Amino acid sequence: MLTRRNFCGCLAGGLSMIAGAAHARAPECAVFTRQRQEEVSADEAVALLQAGNDRFVSGRSINCDLMKQVRETAGQQSPFAAIVGCIDSRVPPELVFDQRIGDVFCARVAGNFVNVDILGSLEYATEVAGAKAIVVLGHNSCGAIKSAVDGVQMGNVTALLENFAPALATLDAGDGPRDSHNDRLVQKVAEQNARLTAASLTERSAILARLADAGRLKVMAAMHDITTGRVAWLQ
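How each quantity is defined
Residues numbered from 1 in each chain as written. Predicted model: local features only at pLDDT ≥ 70, side-chain atom pairs only at ≥ 80, totals over all residues. Heavy atoms only, no water. 1 Å grid on protein atoms, 1.4 Å probe; cavity = no way out; pocket = protein on both sides within 12 Å on 5 of 7 lines; lining within 4 Å. Points joined across faces, edges and corners; volume = space filled by probe spheres on them. Helix = DSSP H or I, 4+ residues; strand = E, 2+ residues; numbered from the N terminus. Nonpolar A, V, L, I, M, F, W, Y, C, P; charged D, E, K, R; others polar. Core = buried A, V, L, I, M, F, W, Y, C linked by side-chain atoms within 4.5 Å. Buried < 20%, exposed > 50% of the residue type's maximum accessible area, 1.4 Å probe, protein only. Contact = heavy atoms within 4.5 Å. Disulfide = S-S within 2.5 Å. Expected span 1.5 Å × (residues − 1).

## A few points about the layout of surface pockets
What the largest pocket holds in volume is close to 180 Å³. Looking at the largest pocket, the residues that line it are Phe113, Val114, Asn163, Pro166, Ala167, Asn193, Leu196, Thr197, Ser200 and Arg204. For the lining of the largest pocket, the elements supplying multiple residues, two or more each, are α9 (165-168) and α10 (183-204). Per element, the largest residue contribution to the lining of the largest pocket is five residues, and it comes from α10. Class assignment of the residues belonging to the lining of the largest pocket gives a composition of five nonpolar, four polar and one charged.

Set out below in structure tokens:
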């Protein structure tokens, strides 16, 4: 029996399905082919990430047909950007930037530093696979940064924390006690680590330097706020 409540429920369900189908056909759901990738400039690649974070923060993330994207990228991938992020479970780059299958390369390591393996991965992502932007994405309240500030000694973590020495070297007496409970100091180290890491990429890689000099690659540092989801872009 069709009652007013049943009718409204069916109508709402139908509208939801229609909206979902429309969302799945959004321009953001189109996979990146080589041609589409080539048409994106380095600046536009960063703008795509910025727009994605705006959608994420405002609750407007795009729902796509992911299995369709799996099929369409099975034989070829052409991501438009590469992101170096932390392993922190609260900062998944694809979600934070509202990207999907085939859109971005992601390298994740505690504290988002870059060693020779990640540097080689970034060279592949850009020179070989055509990505137009690299973003080093740090975040506040980072456990790796806090451990480096406290000088933690523990197994292989000890060697990992040595990667933050350049950022720690930027501290001075005005930053207060070197303690992980000093939130302002921890934030400074995290931001400096992201900046220094991003700046070092073209210094350490002739391939990345050549791409950047030619305007084919943009390298940026950014910080994700785990309390708001917002990404701030560092200069």
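Here the narrative resumes.
## Describing the nonpolar core
One finds Leu122, Ile145, Val189 and Leu201 to be the most contacted residues of the largest nonpolar core, which totals 40 residues. Broken down by element, this core gets its largest block of residues, seven residues, from α10. Other than its neighbours up to four places away in sequence, Ile145 contacts Phe164, Val186, Val189, Ala190 and Asn193. Counting residues in hydrophobic clusters, the runner-up holds 19 residues, among them Phe32, Ala45, Ala133 and Val135.

## Re the environment of Ser61
Tracing the backbone shows Ser61 in the loop between α3 (42-57) and α4 (66-73). The exposure class assigned to Ser61 is partly exposed, which follows from its relative accessible area of 27%. The sequence separation of Ser61 and Asp98 amounts to 37 residues, and the corresponding C-alpha distance is 5.9 Å.

## Describing the state of the cysteines
All chains considered together, the criterion is met by one disulfide. Covalent S-S linkage joins Cys29 and Cys64, the inter-sulfur distance amounting to 2.0 Å. Residues Cys29 and Cys64 are joined through a disulfide that is left-handed, its torsion about the S-S bond being -85°. Of the two residues, Cys29 is situated in the loop between α1 (4-24) and α2 (34-39) and Cys64 in the loop between α3 and α4; the sequence distance between them amounts to 35 residues. Look at Cys29 and you get buried, because its relative accessible area is 8%. Free of any disulfide, Cys142 has its nearest neighbouring cysteine sulfur in Cys86, separated by 4.1 Å. The class of Cys142 is buried, set by a relative accessible area of 2%.

## Some words on α3
Spanning 16 residues, α3 covers 23 Å between terminal C-alpha atoms, matching the ideal 22 Å at 1.5 Å per step. Buried within α3 are the following residues: Ala42, Ala45, Val46, Leu49, Gly52, Asn53 and Arg55. On the buried face of α3, the contacting elements are β1 (81-85), α5 (93-96), β2 (104-108), β3 (133-139), β4 (218-224) and β5 (231-234). A positive backbone phi angle near 75° is found at Gly59, which sits one or two residues after α3.

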